[in-house]
Amino acid sequence: MANISKKICLVGDFSVGKTSLIRRFVEDKFSDRYLSTVGVKISRKVVEFATNQINQSVNLLIWDIEGQTKFQSIAPSYLKGASGSIIVADITRPETLESLQRHLDLFFSVNPQGLVMVALNKSDLAVEEKLARIIQLYNFDLHPQVLATYVTSAKTGEYVELMFRQLAENMIKPLV
Ligand code: G3D
Ligand code: MG
């Protein structure tokens, strides 16, 4: 049993793939059809790993905004108390990439000690060449609390598990 619980929030514009990434990680499946209801959904997953041969586990409480519309902004109350966040953009929609900085600023304004992963999602829809350019332009790894920027696909599962696991591990590891 995991005795440490941590809240993480998925943040990003409408339809970038937040819910799909959670479904991929928690249930390991992808659905091309997903019906959202209004409100917030909290999924739970226990992540186990070993550090220096000591087994550890963390109970991840994964928050998702459901039924978010195009012009609806993210409320600070949704982010409150989160140890980490996955900030998501859709590589096929430049405006969602442009929003990343704003989402980062908002998350850190509510959780100054929080840790972040940036997910450039829907990699299955882009050609290699375009991906390389996007990664160059939208890499936030220089920020000390951004652990990594990953190119993900909720559809194929690429980097999804790794990204969630690394975030979980870093949240319970003391910062050095
Ligand atoms: P949101 O929760 O951020 O609003 P969703 O986004 O997870 O609801 O995803 C929005 C749409 O993008 C969905 O399609 C979903 O299937 C699709 N999607 C999410 N991630 C990926 C991905 O990695 N690759 C591809 N190809 N599609 C993805 P619909 O058609 O249901 O709106
Ligand atoms: Mg959603």
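Everything below is about the structure shown above.
Attention in this report is confined to the structure presented alongside it.

Rules of the game
Residues numbered from 1 in each chain as written. Chains lettered and ligands numbered in written order. Predicted model: local features only at pLDDT ≥ 70, side-chain atom pairs only at ≥ 80, totals over all residues. Heavy atoms only, no water. Near = heavy atom within 4 Å. Polar contact = N/O pair within 3.5 Å; in protein donor to acceptor, adjacent residues only side chain to side chain. Areas by Shrake-Rupley, 256 points an atom, 1.4 Å probe, with all protein chains shown as cover. Helix = DSSP H or I, 4+ residues; strand = E, 2+ residues; numbered from the N terminus. Phe/Tyr/Trp six-rings, centres within 6.5 Å; stacked < 30°, edge-to-face > 60°. Buried < 20%, exposed > 50% of the residue type's maximum accessible area, 1.4 Å probe, protein only.

Moving on, we come to the site of ligand 1. In the vicinity of ligand 1, 18 residues are found, and the nearest of them are Ser 15, Lys 18, Ser 20, Asp 124 and Ala 154. Here an oxygen atom of ligand 1 sits 2.8 Å away from a polar atom, N or O, in the main chain of Ser 15. When the free accessible area of ligand 1 is taken as 650 Å², the share hidden by the protein chains comes to 76%. In terms of residue count, the dominant contributor to the shell around ligand 1 is helix 1 (residues 18-27) (three residues).

What is expected of a backbone is that most residues other than glycine have negative phi and most peptide bonds are trans. Residue Lys 122 is not a glycine yet carries a positive backbone phi of 75 degrees. Topologically, Lys 122 is positioned in the loop between strand 5 (115-121) and helix 5 (128-137).

With that out of the way, let us pick up the packing of aromatic side chains. All chains considered together, the criterion is met by four aromatic pairs. Ring geometry for Phe 25 and Phe 164: centres 4.2 Å apart, planes at 5 degrees, overall stacked. In this pair, Phe 25 is assigned in helix 1 and Phe 164 in helix 6 (residues 160-172), connecting sequence segments 139 residues apart. Under the relative-accessibility criterion, Phe 25 is labelled buried at 2%. The exposure class assigned to Phe 164 is buried, which follows from its relative accessible area of 0%. Here the aromatic rings of Trp 63 and Tyr 78 are separated by 6.2 Å at their centres, their planes lie at 65 degrees, and the arrangement is edge-to-face.

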